[in-house]
Protein chains: 2
Amino acid sequence: MANSHEVSGATTVTVQDGNVTSPCGFTAAGVDAGVKKPGVLDMAMIQSDRPATAAGVYTTNKVQAAPLKVTREHIAAGPLRAVVINAGNANACTGEQGERDARRMAEATAGALGLQPQEVAVASTGVIGKPMPMGVIEAGIARLAGALAVDGGTVAAEAIMTTDTEPKTGKVEWRIGDQQVTIGGMAKGSGMIHPNMATMLGFFTTDVQIAPALLQKALQRAAQVSFNMVSVDGDTSTNDMALILANGAAGAPAIETEGPLYDQFVQALTALAIHLAKAIARDGEGATKLIEVCVRGAKTEASAAQAARAVAASTLFKAAVFGNDANWGRILCAVGYSGADFDPAKVDVYLGHVQTAAQGQALDFSEAEALTVLQKREVRVTVDLHDGDATATAWGCDLTVDYVHINADYRT
Amino acid sequence: MANSHEVSGATTVTVQDGNVTSPCGFTAAGVDAGVKKPGVLDMAMIQSDRPATAAGVYTTNKVQAAPLKVTREHIAAGPLRAVVINAGNANACTGEQGERDARRMAEATAGALGLQPQEVAVASTGVIGKPMPMGVIEAGIARLAGALAVDGGTVAAEAIMTTDTEPKTGKVEWRIGDQQVTIGGMAKGSGMIHPNMATMLGFFTTDVQIAPALLQKALQRAAQVSFNMVSVDGDTSTNDMALILANGAAGAPAIETEGPLYDQFVQALTALAIHLAKAIARDGEGATKLIEVCVRGAKTEASAAQAARAVAASTLFKAAVFGNDANWGRILCAVGYSGADFDPAKVDVYLGHVQTAAQGQALDFSEAEALTVLQKREVRVTVDLHDGDATATAWGCDLTVDYVHINADYRT
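Note that the coordinates shown come from a computational prediction; the quantities given were computed from them, not determined experimentally.

(A) Seen up close, helix H5 (residues 212–224) of chain B. All names here are of chain B. Over its 13 residues, H5 runs 18 Å from end to end, which matches the ideal 18 Å to within 8%, given 1.5 Å per residue. For H5, every residue scored as buried is listed here: Leu-214, Leu-215, Ala-218, Leu-219, Ala-222 and Ala-223. Each buried residue of H5 lies within a common arc of 160° when the element is viewed along its axis, so the set occupies one face. Looking at the buried positions of H5, the neighbouring elements they touch are strand E4 (43–58), strand E9 (201–206), strand E10 (241–246) and helix H6 (260–282).

What follows is the structure, given as structure tokens:
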């Protein structure tokens, strides 16, 4: 799983096997509470053994699920000690009862762990508009509290999955002075995944000590170039949320100001977030391939990001990738409607290493070579706008017959 | 096919069977020129027997095909006499050669009909980034000129189809004074169809006499509430274009100023454009159902339109409709990310006549009743924002397994 990413043109950060219990001072658990089918893991909990500075980013959808309101309030109130998460029910469009239920999840978790409710963050994912099965949820919280373990990060990552086919986890390690420090993470994705959001569900833990404002800034930057650059289907969820808890348990010097220590932290967090974002794209509903779209030569990072996301989200290009069809015209077409600022007469397009267009016009490329690029499990598209120095990368997946089957949920 | 539409809350306009040769003074033709497979109709021509005032609206994609540039120039230069159209090749991303080819299409048409090149509009649709087969195109133009007929509108509508499964045509008739006047139209759609554009390919003819500025204004308004409110797959094409030719052949009084005569014209054109737009949505690639999304109670028409288009374009809701799944949460979710200005706590949602949510919260509705709504060939969604008086309607289609098959164009 080791996976290296160039971040901000600086040193390469290596993402290793690991999860939210990799940093010091964190335990986690996952149980089959019964929100989903019997026997399927559907609730998870993360605990820090000491108060942890916390930061969050949330969906930009105007319709926001109840847990987002509660978690925002609790992070604003100060450090966190725990996060409780359920799959199977989003607790969205559930009104005042939904808000009471989200608060009750924090209270039950606090009760079981001897904390204050405002020290608990709450996250939910699943179907919209159904009441929360609170009996099942509260029993699950009691079991989670009893199951917390220093090696619980793996089962926790499995328990937050919905239509994901595999858990998404990782860790990064580096040194602050002589002290090794770690960030661990887990995420779920799969459907209702689209760029113009805050993020999908992602949870990070770290034993670094860092000032709250810097932690928030670092998380926003990392989410911007990772989760916010992923699209599975163009639908932005009501429940997206990424959280980070920083508990300082490693005992390394605190990061109190911007500077080299902060930059290292941002690089490490960004590398892990990109690792998880790519895992989400690769495991998009029904996907058989990861699509990576790199736009370079843009006037601004915003234009590069708009163009990259439009290509990664293009229904027609995604269907072409599924079919191994070198239909590069759909790439240039998507850049054209992306809103990016560019000159169509300057654009070069590459499928893998095969250049298909130069200065906005078709080249007579080898269809056979393009086919070998498209048959791979990872398809890389490069678009050079020749209009500046800014770059951005977005990730998506192919559009397959299975995506339709998964989301049609046939009734007759 | 008779189809009535309430337009602007005013009198109901009835769209009847008819096409671009229904108005006086127009002939048309379609031939199998050989741009596509042998024996498949792939080129069309429309001619007016006298100079016709013309107006056009075009894609907002920054990448624009060569024919759009040529047609814009020719409309700016004055009245038109003819339109030449090919399917099978978009003449997009073809550079200077593409522009020369588009100009040559106008010249060849002008030569065959005894006109000036700037009296000819050119439109193309098909694959992006391939050189135009000009030998085949020029031979097709010669055949078209010889085949022009007063009953040629039907075959012309068939000849502009790409993955469309049926031609899309209609006409509206009304009186100006004692004189009957007519607008006829045809369109093609099917794939690469999405709201944030000028339009897809649509051609209107009318025997009304109307000032150029008013004709342009009327076409823009009609496109705004018809073609621009349709989505098949979220991809905005490089070749979208709608044109109207008004030749005055009916001999009715000219429409020279805004007022009742102009309003009647706008209503008639809008009704026909909506008829064609719905036909495009119904015949979207792989579609089995038409989805109509009505948003009411919005603060502004812009907000209503944003919300309606987001629901009609939501991949997840479209897949749910294919599966007869009453997943109304995906409707509210799409309104939430649409950018529309609204209060989530005020929103009511209906599937057909079945209310599924009130004030943003789930209702305990009958799944069986919702299923009967979803099993119909036309599924109507109503969203009431309870926030003002503005309304908008958008059209889309379900997302099916066949859409993926059509667009994957499998290579192995």
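Having seen the structure, we can now continue with the description.
(B) Summary view of the domain arrangement of chain A. Residues and elements named next belong to chain A. Domain annotation for chain A reports domain 1 (3–282) and domain 2 (290–408). For domain 1 versus domain 2, the distance between C-alpha centres works out to 31 Å. Opposite the 18 residues of domain 1 that make contact, domain 2 presents 18 residues. For domain 1, the biggest contributors to the area lost against domain 2 are Met-229, Lys-278 and Arg-282; these three give 40% of the whole. Linking domain 1 to domain 2 there are three salt bridges. Among the ionic pairs, Lys-278 bridges to Glu-292, the shortest N-O distance being 3.7 Å. For the interface between domain 1 and domain 2, the tally reads four residue pairs in polar contact (both at pLDDT 80 or more). Put simply, the parts of the chain that give the side of domain 1 that touches domain 2 at least two residues each are helix H5 (212–224) and helix H6 (260–282). With four residues, the top contributor of residues to the side of domain 1 that touches domain 2 is H6. Looking at the side of domain 1 that touches domain 2 residue by residue, the classes come out as seven nonpolar, seven polar and four charged.

(C) The arrangement of the relation of the copies chain A and chain B in detail. Expressed as a screw operation, the relation of chain A to chain B combines 0.0 Å of axial shift with a rotation of 180°, fitting to an RMSD of 0.0 Å. Such values leave the two copies arranged in the relation of a two-fold axis. Every residue of chain A has its C-alpha some distance from the rotation axis, and the shortest such distance is that of Val-401 of chain A, at 2.6 Å.

(D) Here's a closer look at the sheet that holds strand E14 (residues 361–362) of chain A. All names here are of chain A. With mixed pairing, six strands are arranged side by side in an open sheet as E14-E13-E12-E15-E11-E16. Of all strands in the sheet, those bounded by a partner on one side alone are E14 and strand E16 (390–397). With three bridges connecting them, strand E12 (residues 348–351) and strand E13 (residues 354–358) associate as antiparallel partners. The residue bridging Tyr-350 from the neighbouring strand is Gln-355, located in E13. Each of strand E11 (290–298), E12, strand E15 (378–384) and E16 is contacted by helix H8 (residues 315–322), which is oriented at about 125° to E11, the strand it contacts most. In this fold helix H10 (residues 367–374) packs onto E12, E13 and E15, with an angle of close to 115° to the strand it touches most, E13.

(E) Local environment of the UniProt feature "binding site: substrate" (unreviewed entry) in chain A. Residues and elements named next belong to chain A. If you check UniProt for "binding site: substrate" (unreviewed entry), the listed places come out as Thr-162, Lys-188, Thr-199, Glu-285, Asn-407 and Thr-412 in our numbering. Within the secondary structure, Thr-162 sits in the loop between helix H4 (153–159) and strand E7 (168–176). We classify Thr-162 as partly exposed; its relative accessible area is 27%. If we ignore the near neighbours within four places in the chain, the residues touching Thr-162 are Lys-36, Ala-87, Thr-125, Lys-188 and Gly-189.

(F) Focus on the packing of helix H1 (residues 66–76) of chain B against helix H2 (residues 95–113) of chain B. Residue and element names in this part refer to chain B. Put simply, H1 and H2 touch, their axes get as near as 8 Å, and they point 50° apart. Overall, the two elements H1 and H2 adopt an arrangement that is oblique. At the point where H1 passes H2, the crossing takes the right-handed sense. Between H1 and H2, the residues in contact are Ala-66, Pro-67, Lys-69, Val-70, Glu-73 and His-74 and Gly-98, Glu-99, Ala-102, Arg-103 and Ala-106, respectively. Looking at the contact of H1 with H2, its residues break down into five nonpolar, two polar and four charged.

(G) Region of interest: the packing of aromatic side chains. Residue and element names in this part refer to chain A. Applying the stated criterion across every chain yields a total of four aromatic pairs over all chains. Taking the centre distance of 6.2 Å and the plane angle of 40° together, the rings of Phe-204 and Phe-227 count as tilted. Pair noted here: Phe-204 is in strand E9 (residues 201–206) and Phe-227 is in the loop between H5 and strand E10 (241–246), with a separation of 23 residues, a long-range link. Note on accessibility: Phe-204 and Phe-227 belong to one class, buried. If you follow Arg-72 out to its NZ or CZ, it ends over the ring of Tyr-58, 4.3 Å from the centre.

Criteria and thresholds
Residues numbered from 1 in each chain as written. Chains lettered and ligands numbered in written order. Predicted model: local features only at pLDDT ≥ 70, side-chain atom pairs only at ≥ 80, totals over all residues. Heavy atoms only, no water. Helix = DSSP H or I, 4+ residues; strand = E, 2+ residues; numbered from the N terminus. Expected span 1.5 Å × (residues − 1). Buried < 20%, exposed > 50% of the residue type's maximum accessible area, 1.4 Å probe, protein only. Arc of directions from axis to C-beta. Contact = heavy atoms within 4.5 Å. Domains from an automatic or database assignment. Buried area = accessible area lost by both parts, 1.4 Å probe. Salt bridge = Lys/Arg side-chain N within 4 Å of Asp/Glu carboxyl O. Polar contact = N/O pair within 3.5 Å; in protein donor to acceptor, adjacent residues only side chain to side chain. Nonpolar A, V, L, I, M, F, W, Y, C, P; charged D, E, K, R; others polar. Least-squares fit on C-alpha atoms with pLDDT ≥ 70 in both. Pairing = 2+ DSSP bridges. Axes fitted to C-alpha atoms, helices over the stretch in contact; angles between N-to-C directions. UniProt positions renumbered as here; feature names shortened; annotations may be inferred. Parallel < 35°, antiparallel > 145°, perpendicular 65-115°, else oblique. Left-handed = near helix turned anticlockwise from the far one by under 90°. Phe/Tyr/Trp six-rings, centres within 6.5 Å; stacked < 30°, edge-to-face > 60°. Lys NZ or Arg CZ within 6 Å of the ring centre and 35° of its normal.

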